[in-house]
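The residues making up each chain are set out below.
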Amino acid sequence: MNDVLNDAITDIVSRRVKILDEVNHTFALSKEQLREYQLHKVKETLLHVYQNNEFYKGKLTESNISWNDIKALSEFSALPFTIKEEIKSQYPFGLLSASHDEIVRYGESTGTTGDPINSYYTGDDWFANNCIVATLLSNLITNQDTVAVIVPYGLALVGQDIDRALELIGAKTIAIGMLSSACPVERSIKILKDTETTTLVCSPSRALYISEEAMKLGYDLKNDFKIKKILCVGEGTSIEKAKAIKEAWGADAYPLYGMTETNTIAMSCQFGKMHIVENKLDCEIIDASTGEVLGDDVRGELVVTSFGKAMPLIRYRTGDLCTIHSQSCACGSTFRFLEHHGRITDSIVMGDRRIQLLDLEAIILSASGTKFFTLKIKGDELIVGLVLSKEECQRVERDVMERLKIEFNIISSVVPVDGEQLIHAIKNKVKPSISSILQDGEK
Ligand SMILES: [Zn+2]
């Protein structure tokens, strides 16, 4: 090995030991100490972007706020938001707050059009995130597990991120990636069976899709496979969808939540609560219309401030609806946990109401007992397509209609739809999610 590479690796190893020490330290903090740590990191991050990034320097200067004199996290809410359009406008490297040669990882979000939403990380940022994800995942996964990661590895960072964390834990990791011609669903199912895979990492819709395909191939899911845990990424997981997964696979669903521009935001503990990674970011909930900061236990738009070196974001409006809870969790974590109700745009508007698809999903799955459904708006009526026979649809129709009326005050009807067509639509999505169910792109 040449001397330059030898020195670089020695340097990386010593830096990583320090990062691991800091990560371990933050996981041991009390709630009060964690708030102090976050305040310290927010102030450090503000100074860092002011000194190293022209975009944020301009934004902080224009805000006319004494940002360098903040004494409590609550004061920080006076600072301006960062919005998605600003990230796009700064493409490719306008938000870089480190030098180019420090970047080791670059990603872009899936499915975007025009200028993408991208993100980049220094080696230290990346490794710190790997350690945090590994620490949280180790509540669910051990080195005895075999884990199949069935998410896109190209550009999007979630697969790469979880992959590194699994490696740190020592789990046997099978990087299937997106179901594609390289590893189509039939081959993937064979791998899951032959390797006695214990854990899947995929979108909950994909987990249900794979279950359908495996049953078509004649497998008995609960006896032919050893899958006991499904880590759900890429879309919100309603309790009803988690139940459908349990029924199909006999496996527990654990939601994880993050996005390319922020990386990991929250991860499930063994009790199914998604704890926010408060040692690498600060979260607020705001009223999406007014921007007013709301407290815990109230549904609103999630705003994230991330602490990395390469591309920290200040008060980033995620466009996702969440609720933060500060109650204690049986796992003993001091990190608050959140519920993710889906993207604000993953909703339909009927009359003067905007209704989240995840909320509709919970009602429809629970009232109908199906795994898959479609939605179509016709005038002031919501047409619910169920993957059931005509007779079965008639049996559940009244319950579905009544519950939608009571819960959302909407008129609905129920029709049978072709399951193959719907499953095909899920199969071909890079990021299969609940938005697959909207027909004709109507929202
Ligand atoms: Zn917990």
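## A short note on the packing of aromatic side chains
Tallied over the full model, the rule gives nine aromatic pairs. For the ring pair Phe55 and Tyr56, a centre distance of 5.1 Å and an interplane angle of 70 degrees mean the geometry is edge-to-face. Of the two residues examined, Phe55 and Tyr56, each falls in the buried class. When the ring centre of Tyr50 is taken as reference, the NZ or CZ atom of Lys57 above it lies at 5.6 Å. Looking at Arg317, its charged tip hangs above the ring of Phe81, at a distance of 5.2 Å from the centre.

## What about the pairing of strand β7 (residues 252-259)?
With respect to burial, β7 is a largely interior element, six of its eight residues being buried. Here four bridges tie strand β6 (residues 229-232) to β7, and the two strands are oriented parallel to one another. Within β7, the position partnered with Leu231 by the bridge is Tyr254. Pairing of β7 with strand β8 (residues 263-268) involves four bridges; the strand directions are antiparallel. If you follow Met259 over to β8, its bridge partner there is Asn263.

## Concerning the coordination of the zinc ion
Six octahedral donors around a metal ideally sit at 90 or 180 degrees from one another, while four tetrahedral donors ideally sit at 109.5 degrees. Only Cys269 (SG), His275 (NE2), Cys329 (SG) and Cys331 (SG) from the protein reach the zinc ion as donors, at distances of 2.1 to 2.3 Å. Relative to the metal, the four donor atoms surrounding the zinc ion lie at angles of 97 to 114 degrees, and the coordination shape comes out tetrahedral. Linear spacing of the donor residues for the zinc ion on their chain is C-x5-H-x53-C-x1-C. Note that His275 is positioned in strand β9 (residues 274-276) and Cys331 in the loop between β13 (316-325) and β14 (337-343), a separation of 56 residues in sequence. Since its relative accessible area comes to 25%, Cys331 is described here as partly exposed.

## What about the packing of helix α11 (residues 357-368) against helix α12 (residues 390-408)?
Their axes nearest at 9 Å, the elements α11 and α12 cross at an angle of 150 degrees. Of the possible angle classes, the one that applies to α11 and α12 is roughly antiparallel. As α11 packs across α12, the resulting crossing turns out to be right-handed. Residues Asp359, Leu360, Ile363, Ile364, Ser366, Ala367 and Ser368 of α11 form the contact with α12, whose own contacting residues are Val396, Asp399, Val400, Arg403, Leu404, Glu407 and Phe408. Partitioned by chemical class, the residues of the contact of α11 with α12 number eight nonpolar, two polar and four charged.

## Looking at the layout of surface pockets
By volume, the second largest pocket amounts to about 860 Å³. Thr122, Asp124, Asp125, Ala128 and Lys309 are the residues nearest the centre of the second largest pocket, which is lined by 36 residues in total. Elements represented by at least two residues in the lining of the second largest pocket include exactly α1 (3-27), α2 (31-52), β2 (118-122) and α5 (123-137). If one sorts the elements of the lining of the second largest pocket by residue count, α1 sits on top with eight residues. Residue classes in the lining of the second largest pocket are distributed as twelve nonpolar, twelve polar and twelve charged.

## Focus on empty space enclosed by the protein
Tallied over the full model, the rule gives two cavities of 30 Å³ or more. The residue makeup of the lining of the second largest cavity, split by class, is five nonpolar, no polar and one charged.

## Considering helix α6 (residues 158-169)
Helix length check: α6, at twelve residues, gives a terminal C-alpha distance of 17 Å against a target of 16 Å (1.5 Å per residue), a fit within 8%. Within α6 the residues assigned to the buried category are Gly159, Gln160, Asp161, Ile162, Asp163, Ala165, Leu166 and Ile169. After α6 finishes, the residue Gly170 shows a positive phi value of roughly 95 degrees.

## A closer look at the pattern of salt bridges
Summed over the entire model, instances satisfying the criterion amount to 24 salt bridges. Between Arg15 and Asp124 there is a salt bridge whose closest N-O contact spans 2.6 Å. Within this pair, whereas Arg15 is found in helix α1, its partner Asp124 is found in helix α5, the two being separated by 109 residues in sequence. The exposure class assigned to Arg15 is partly exposed, which follows from its relative accessible area of 38%. Lys229 is the partner of Asp145 in a salt bridge, and the nearest nitrogen-oxygen pair spans 2.9 Å. Placement of the pair is Asp145 in the loop between α5 and β3 (146-149) and Lys229 in strand β6, with a sequence separation of 84 residues. Of the two residues, Asp145 and Lys229, neither departs from the other in class, the shared state being buried.

Conventions used here
- Residues numbered from 1 in each chain as written.
- Predicted model: local features only at pLDDT ≥ 70, side-chain atom pairs only at ≥ 80, totals over all residues.
- Heavy atoms only, no water.
- Phe/Tyr/Trp six-rings, centres within 6.5 Å; stacked < 30°, edge-to-face > 60°.
- Buried < 20%, exposed > 50% of the residue type's maximum accessible area, 1.4 Å probe, protein only.
- Lys NZ or Arg CZ within 6 Å of the ring centre and 35° of its normal.
- Helix = DSSP H or I, 4+ residues; strand = E, 2+ residues; numbered from the N terminus.
- Pairing = 2+ DSSP bridges.
- Donors = N, O, S within 2.8 Å, 3.2 Å for Na, K, Ca; no water.
- Tetrahedral: all angles 85-135°; square planar, octahedral: opposite > 155°, others 65-115°.
- Axes fitted to C-alpha atoms, helices over the stretch in contact; angles between N-to-C directions.
- Parallel < 35°, antiparallel > 145°, perpendicular 65-115°, else oblique.
- Left-handed = near helix turned anticlockwise from the far one by under 90°.
- Contact = heavy atoms within 4.5 Å.
- Nonpolar A, V, L, I, M, F, W, Y, C, P; charged D, E, K, R; others polar.
- 1 Å grid on protein atoms, 1.4 Å probe; cavity = no way out; pocket = protein on both sides within 12 Å on 5 of 7 lines; lining within 4 Å.
- Points joined across faces, edges and corners; volume = space filled by probe spheres on them.
- Expected span 1.5 Å × (residues − 1).
- Salt bridge = Lys/Arg side-chain N within 4 Å of Asp/Glu carboxyl O.

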